[in-house]
Structure formats: C-alpha cells, structure tokens
Amino acid sequence: MFNYIKKLQYPINIKHSDPKAASLIISQYGGPNGELGASLRYLSQRYSMPLPELKGLLTDIGTEELGHLEMIGAIVHQLTKNLTEKQIEENPGFAAYFVDHTAGVYPTAASGFPWSAGSIQSTGDPIADLNENLAAEQKARITYDNILRLVDDPDVIEPIKFLREREIVHYQRFGEALRLLTDKMDSRNFYAFNPGFDKKGLKK
C-alpha cells in the first residue's frame, strides 16, 4: 500500500514552452532507461529477494521512481501545455509526437519507440537482478547527462540535475545491497546458484 503526497519530490515551475526539450526529456518517462521502467523493474524484483532488507530497499527505490516519473511528466506537460502551432511546425521532432498525442504525456523514448516491458528484466535471481539494477542506474544517469548537454533553461536544468543525483544515490544503494547479499552466501559459489530459489546457499 502506498501513501500519496500531493506534491512533487522537487518543485517544477517552467515558464517557457520548449517542444524540442520536451521531445528529449520524454525519454525519461517511457524510454529504455526511464523512470517508468525503473519503477516496475524494482517493484517486480522485490518479491524474489531472499532478505527483508533487500525487499525493503527495492520497495523504497521503486516507489521513489514513481515520484520521479511524476516529475518527468510534469516537466513535459509544462514544456508543452501552451505551445503554438508555429512552435510545433518549427520542431519536427515534436511534430511527429504531436500528431499522435497532441500535448498529452505518453510513455515513449526520444527515438519515438513506445515503452515496452522488454526493456526491463525480473529474473528471480537476486544477483542477476541487482547487477541489472546497477547498470540501469548508470544508464539513467547517462541519459540525464545527455539531456543536460542539450537543454539551456534553468527551470528545466535544476530538476533534471536533482533526478541525476538520485540515480547516483540509487547506484550506491544497489551496490550496498549486492554486498549484503553476497556476504550471506558462500564466497566460493556466488555465481553457481540462484539465491532467490536455491536458498540452501544462504548462510543462516
């Protein structure tokens, strides 16, 4: 059960429309390294984690990622809600999106490829999943780095910088989680079995 707080994790108040920026930032809503995939990945993986600390961590981070999804949606909405037809015509990258979605917020990558569960994984193997999560946080951080290279509005830059920083924190937490798990295992057999299924490999 989740408790919803009716405010964003970081304030967003964008004053100027920018369809070009929106067409880039939408990738963190529904792209392969985006917040929708992150939240579903972690909230799904938690069930097969063998330790309560790991279940709790994945629940916490997965829930936070839902808040980040909300932030990205708010950014895209504020960048596009007052667009003129001229602005749309001058930005062909957004015009293609506009044809299908007007100024609605739709989970897609900047490339135009819609979100797919095929971009995430929940293997039932905690070691595999935690390593995937480490890579996922780095890929999300790279995507935010690339967005920051291409936008120049401080009202956009500051919340994107906040989101980038959270990816770094999540990477650190997943690293700690992987160490916690392997400390509970026979160090000679880290990769020989699935600790989410073959629980005999875990130390008492």
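Figured I'd write up the structure that's included with this text. (Residues numbered from 1 in each chain as written. Predicted model: local features only at pLDDT ≥ 70, side-chain atom pairs only at ≥ 80, totals over all residues. Heavy atoms only, no water.)

## Describing the overall build of the protein
Each helix and strand in the protein was counted, giving eight helices and zero strands. The N-to-C order of helical and strand elements in the protein reads α-α-α-α-α-α-α-α. Looking at the protein as a whole, 46% of its 204 residues qualify as buried. Here the contacts in the protein between residues at least 6 apart in sequence split such that 75% fall between residues at least 24 apart. (Helix = DSSP H or I, 4+ residues; strand = E, 2+ residues; numbered from the N terminus. Buried < 20%, exposed > 50% of the residue type's maximum accessible area, 1.4 Å probe, protein only. Contact = heavy atoms within 4.5 Å.)

## Quick notes on the packing of aromatic side chains
Overall, the coordinates contain three aromatic pairs when judged by the stated rule. Centre to centre, the rings of Tyr42 and Phe174 are 4.9 Å apart; their planes meet at 55°, and the pair counts as tilted. Separated by 132 residues along the polypeptide, Tyr42 in helix α3 (residues 35-45) and Phe174 in helix α8 (residues 154-183) bring together distant segments of the chain. Assessed through its relative accessible area of 0%, Tyr42 is described here as buried. Residue classification places Phe174 among the buried residues on the basis of a relative accessible area of 0%. Their ring planes at 35° and their centres at 5.4 Å tell us that Phe94 and Tyr97 sit as a pair that is tilted. With Phe94 and Tyr97 both in helix α6 (residues 92-101) and three residues apart, the pair spans about one turn of that helix. You'll find Phe94 and Tyr97 in the same group, each marked buried. (Phe/Tyr/Trp six-rings, centres within 6.5 Å; stacked < 30°, edge-to-face > 60°.)

## Quick word on the packing of helix α7 (residues 126-150) against α8
Running from N to C, α7 and α8 point in directions that differ by 160°, and their axes come no closer than 9 Å. One element, α7, and the other, α8, form an angle in the roughly antiparallel class. Of the two elements, α7 crosses α8, and the hand of that crossing is left-handed. Partitioned by chemical class, the residues of the contact of α7 with α8 number 17 nonpolar, five polar and six charged. (Axes fitted to C-alpha atoms, helices over the stretch in contact; angles between N-to-C directions. Parallel < 35°, antiparallel > 145°, perpendicular 65-115°, else oblique. Left-handed = near helix turned anticlockwise from the far one by under 90°. Nonpolar A, V, L, I, M, F, W, Y, C, P; charged D, E, K, R; others polar.)

## Quick look at α8
The terminal C-alpha atoms of α8 lie 44 Å apart, and with 30 residues this matches the ideal 44 Å at 1.5 Å per residue to within 8%. Its side-chain oxygen 2.9 Å from the backbone nitrogen of Asp155, Asp153 forms the N-cap of α8. (Expected span 1.5 Å × (residues − 1). Polar contact = N/O pair within 3.5 Å; in protein donor to acceptor, adjacent residues only side chain to side chain.)

## Description of the side chain of Asp155
Residue placement: Asp155 occurs in helix α8. Reaching out from Asp155, the side chain makes a polar contact with the side chain of Lys15 at a distance of 3.0 Å. Filtering out sequence-adjacent residues up to four positions away, Asp155 remains in contact with Asn13, Ile14 and Lys15.

## Let's talk about the environment of Ile142
Inspection of the secondary structure assignment puts Ile142 in helix α7. Taking the C-alpha atoms as reference points, Ile142 and Arg164, 22 residues apart in sequence, are found 8.5 Å from one another.

## Topic: the pattern of salt bridges
The full count for this structure, using the stated rule, is eight salt bridges. The salt bridge partner of Glu90 is Lys86, with a shortest N-O separation of 2.3 Å. Accessibility expressed as a relative area gives 53% for Lys86, which makes it exposed. Here Arg141 makes a salt bridge to Asp145, at a shortest N to O gap of 2.7 Å. Of the two residues, Arg141 and Asp145 are both situated in helix α7; the distance of four residues between them amounts to about one turn of the helix. One network of salt bridges, with partners in common, ties together Arg141, Asp145 and Arg164. (Salt bridge = Lys/Arg side-chain N within 4 Å of Asp/Glu carboxyl O.)

## So, the environment of Thr123
With respect to the secondary-structure elements, Thr123 resides in the loop between α6 and α7. Residues Thr123 and Asn194, spaced 71 residues apart in sequence, show a C-alpha to C-alpha distance of 9.8 Å. Those residues within four positions of Thr123 in sequence are excluded, and the remaining contacts are Ala128 and Asp129. Within the structure, Thr123 has its side chain in polar contact with the backbone nitrogen of Asp125 (distance 2.9 Å).

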